[in-house]
Amino acid sequence: MKTIVSVSIGSSLRNHRVETEILGEKYTIERIGTDGNINKAIELIKELDGKVDAFGLGGIDLYLTGADRKFMIKEAIPIVKAASKTPIVDGSGLKNTLEKSVIEFLNGQKIINFSNKKVLLVCAIDRYKMAEAFINLGCNTILGDLIFALGIPIPIKSLRVFRRVVNVLLPVVSRLPYDVLYPTGQKQDSQVGNNKFEKYYYDADIIAGDFLYIKKYLPLDLFGKIIITNTITKEDVEMLKNRGVSMLVTTTPEFDGRSFGTNVMEAVLLAASGKKAEQLTPQDYIGLIKKINFLPRIEYLNNIEKLNEGKAH
């Protein structure tokens, strides 16, 4: 049996553990949150180092990456260095392969017609290939990095502008405390955030990207919206259903009602590959995804015609 553990600085309320079979071998997959405590994450990794097959690094990325520049996040360094025997991955390798292919799959299978759709991608700095996929399919795409990471109400409307902005900001932003940029600990448990940026949700047909960023300013009314995300719990799904979301897509598969983050699934693929993390190429990830038959989770949460009838009455 292979053991995968995601150590996250996120909320422990989002913990989950499953046993499954992949390519004929049994896997235990577990996510353990430390409620924003980086020291606790370091100690947990040291305790499990050499006892598990692969670590996922959750709640924090190792790098912030623009189109052509990459900066290591200062606070992530001691967490990663805590593992000296077991490989540790943050999901970035998988995001640049799996998530783009999921968008192309949804379009190719005619599950979603992306042409001329209005897309809000809440943060493209860790999902550049997803942004490319939306734009290549003819979507009118807003990149919300300044809005959702920094609280600056300036939408970015092209990859050219995005590249300029992130290449200027990355050297500074990568040195900020991570909880300034991203919800950690108990902040991840909030169901209703400040809705001062709700207009960007209302203007979009599709809301995509990291779910904790999506939830950050989530309005109560999401009538008819499509959500494309991951790292989502049963409670999150129920919340989205109650707010009128028509379709939910998670780029990672469902395990016992939970879609794990890309860091978890990248750790699974790493363990299945038998290779070292630095040896895995995008082609390796694509080949493993096809071999294992990882498919996106697609759920129709509400019948829009029935919702319209309800509103009429």
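Residues numbered from 1 in each chain as written. Predicted model: local features only at pLDDT ≥ 70, side-chain atom pairs only at ≥ 80, totals over all residues. Heavy atoms only, no water.

1. Brief notes about the layout of surface pockets
By volume, the largest pocket is sized at about 520 Å³. Forming the walls of the largest pocket are 22 residues, and the residues nearest its centre are V89, E266, A277, E278 and Y285. Elements with a minimum of two residues in the lining of the largest pocket: β7 (88–89), α3 (92–108) and α12 (282–292). Grouping the constituent residues of the lining of the largest pocket by class yields 11 nonpolar, seven polar and four charged. (1 Å grid on protein atoms, 1.4 Å probe; cavity = no way out; pocket = protein on both sides within 12 Å on 5 of 7 lines; lining within 4 Å. Points joined across faces, edges and corners; volume = space filled by probe spheres on them. Helix = DSSP H or I, 4+ residues; strand = E, 2+ residues; numbered from the N terminus. Nonpolar A, V, L, I, M, F, W, Y, C, P; charged D, E, K, R; others polar.)

2. Thoughts on the sheet that holds strand β11 (residues 226–229)
The sheet built from six strands is open, its strands ordered β9-β8-β10-β11-β12-β15 with mixed pairing. At either end of the open sheet lies a strand with only one pairing partner, and these are β9 (140–143) and β15 (297–300). Sheet twist, expressed as the average angle between the axes of neighbouring strands with direction ignored, equals 15°. Relative to β11, strand β10 (residues 206–208) runs parallel, the two sharing three bridges. Looking at β11, one finds that A208 is bridged to I228. (Pairing = 2+ DSSP bridges. Axes fitted to C-alpha atoms, helices over the stretch in contact; angles between N-to-C directions.)

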